[in-house]
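Residues per chain are reported as follows:
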Amino acid sequence: MSRGGPISPSFMLGLLAGLILAVPLLLVGGYFWQAGLDLGSPPSSREWTRLCAKGHEDIYCKAAYQVVEREVSGPVVLLYPGVTGDRDLTASLIVWKGRYPNVKELDALVRANLFAASELRTGEMRSLDGQVRRVTCGLPDQQAACQVGHLRVIPSTVPRTPEDGAVYRLISSSGGPEFLLPAGSSR
């Protein structure tokens, strides 16, 4: 084939076959991979929760997004237990209830792990379900960490303003589930 000459039919056929195979693969890949939180963490806890709720399997974030939109008008702090992924978090929720939790149970769990505040502060803080939680921040071994009940958490977002609220993710749990339990919960 000379420069500037006609394109061979076998080249055109190969190009067409490549496109026919590539386009469906890109569409399927786009369905399974969502850019949301994989590309960066937004500073706002509301935006973080909205993006997290777009995950295919994260039932905790889906419930958190609904509760935040329905019940909180100002800044909000979310304690997020899912440090190892959506499937592991869902498995923890199933262990907590002994089965897949229903919408009412998920809402109650999320309320126990949400605070109408801009950040966690040492002292007593009331979660959305009305429980008073003892919070200690600035721990000796990790200044950014806070102890909330049996959970140790660190900030996962970097808010620009107090109105952005904050997301804290679990770093350890001392003798209990990976989240704060709702009021009246025995498991």
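Everything that follows concerns the structure shown earlier in this document.
Each chain carries its own residue numbering, running from 1 in the written order of its sequence. For a predicted model such as this one, the threshold for reporting local features is a pLDDT of at least 70, and the threshold for listing and counting side-chain atom pairs is 80 or more; totals across whole chains, interfaces and linings nevertheless cover every residue. Only hydrogens and water are removed before side-chain values are computed, so all heavy atoms of the structure are retained for them.

Student: Help me understand the overall build of the chain, please; the structure alone is not making it clear to me.
Tutor: Looking only at helices and strands, the chain features 5 helices and 7 strands. What counts as a helix is a DSSP run of H or I of at least four residues, what counts as a strand is a run of E of at least two, and both are numbered from the N terminus. Element order for the chain, N to C, with α for helix and β for strand: α-α-α-β-α-α-β-β-β-β-β-β. The rule is simple: take the accessible area with a 1.4 Å probe, protein chains only, and divide by the maximum for that residue type; under 20% is buried, over 50% is exposed, in between is partly exposed. The buried share of the chain, taken over its 187 residues, is 38%. Only heavy atoms matter for contacts: two residues are in contact if any of them lie within 4.5 Å across the pair. Long-range pairs, those at least 24 residues apart, make up 52% of the contacts in the chain between residues at least 6 apart in sequence.

Student: For this particular structure, what's the right way to read the sheet that holds strand 5 (residues 142-148)?
Tutor: Remark on secondary structure: sheet strands pair via backbone hydrogen bonds, oriented parallel or antiparallel. Read from one edge to the other, the open sheet built from 7 strands follows the order 2-1-7-6-5-4-3, with strand pairing classed as mixed. The open sheet has two edge strands with one neighbour each: strand 2 (114-115) and strand 3 (123-126). In this analysis, strands are considered paired if DSSP registers two or more bridges between them. Looking at chain direction, strand 1 (residues 77-80) and strand 2 are connected through 2 bridges and run antiparallel. Residue Leu 78 lies in a different strand from strand 2, and its bridge partner there is Leu 114. In this fold helix 2 (residues 45-52) packs onto strand 1 and strand 7 (166-173), with an angle of close to 40 degrees to the strand it touches most, strand 1. Strands strand 1 and strand 2 of the sheet are contacted by helix 3 (residues 59-71), whose axis makes an angle of about 165 degrees with strand 1. Angles here are taken between N-to-C directions and fall from 0 to 180 degrees, while the axes themselves are lines fitted to C-alpha atoms, restricted in helices to the stretch in contact.

Student: Explain the packing of helix 3 against helix 5 (residues 103-112) here, please?
Tutor: Helix-helix packing: each pair is described by the crossing angle between the helix axes and the interaxial distance. Their axes nearest at 9 Å, the elements helix 3 and helix 5 cross at an angle of 75 degrees. As far as their axial angle goes, helix 5 and helix 3 are roughly perpendicular. Where helix 3 abuts helix 5, its residues Ile 59, Tyr 60, Ala 63, Ala 64, Val 67, Arg 70 and Glu 71 lie against Leu 106, Asp 107, Leu 109, Val 110 and Arg 111. Of the residues assigned to the contact of helix 3 with helix 5, the class counts are 8 nonpolar, no polar and 4 charged. Any angle that is under 35 degrees is reported as roughly parallel, and any over 145 degrees as roughly antiparallel; angles of 65 to 115 degrees are reported as roughly perpendicular and all others as oblique. Charged means Asp, Glu, Lys or Arg here, nonpolar means Ala, Val, Leu, Ile, Met, Phe, Trp, Tyr, Cys or Pro, and polar covers whatever is left, Gly included.

Student: Please explain the packing of aromatic side chains as it appears in this structure.
Tutor: The description of an aromatic ring pair rests on the distance of the ring centres and on the angle between the ring planes. Pairing of aromatic rings covers Phe, Tyr and Trp, the last through its six-membered ring, and needs centres within 6.5 Å; plane angles under 30 degrees mean stacked, over 60 mean edge-to-face, and all others mean tilted. Scanning all chains against the criterion turns up 3 aromatic pairs. Between the aromatic rings of Trp 96 and Phe 179, the centroid separation amounts to 5.8 Å while the plane-to-plane angle is 75 degrees, which identifies the pairing as edge-to-face. Taken as a pair, Trp 96 in helix 4 (residues 86-97) and Phe 179 in the segment after strand 7 lie far apart in primary sequence, 83 residues in all. For Phe 179, a relative accessible area of 1% translates into the label buried.

Student: Looking at this structure, how should I read the pairing of strand 3?
Tutor: Looking along a regular strand, one sees the side chains alternate between the two faces of the sheet. In this structure, strand 3 lies alongside strand 4 (residues 132-139), joined through 4 bridges in antiparallel fashion. What sits directly across from Gly 123, in strand 4, is Val 135. Linking strand 3 to strand 4, which pair antiparallel, is a turn of 5 residues; within it Gly 130 sits at a positive phi near 95 degrees.

Student: What exactly am I supposed to notice about the environment of Pro 177 here?
Tutor: Relative to the helices and strands, Pro 177 is located in the segment after strand 7. Judged by its relative accessible area of 26%, Pro 177 falls in the partly exposed class. In this structure, the C-alpha to C-alpha distance between Pro 177 and Pro 81, residues 96 residues apart in sequence, is 9.1 Å.

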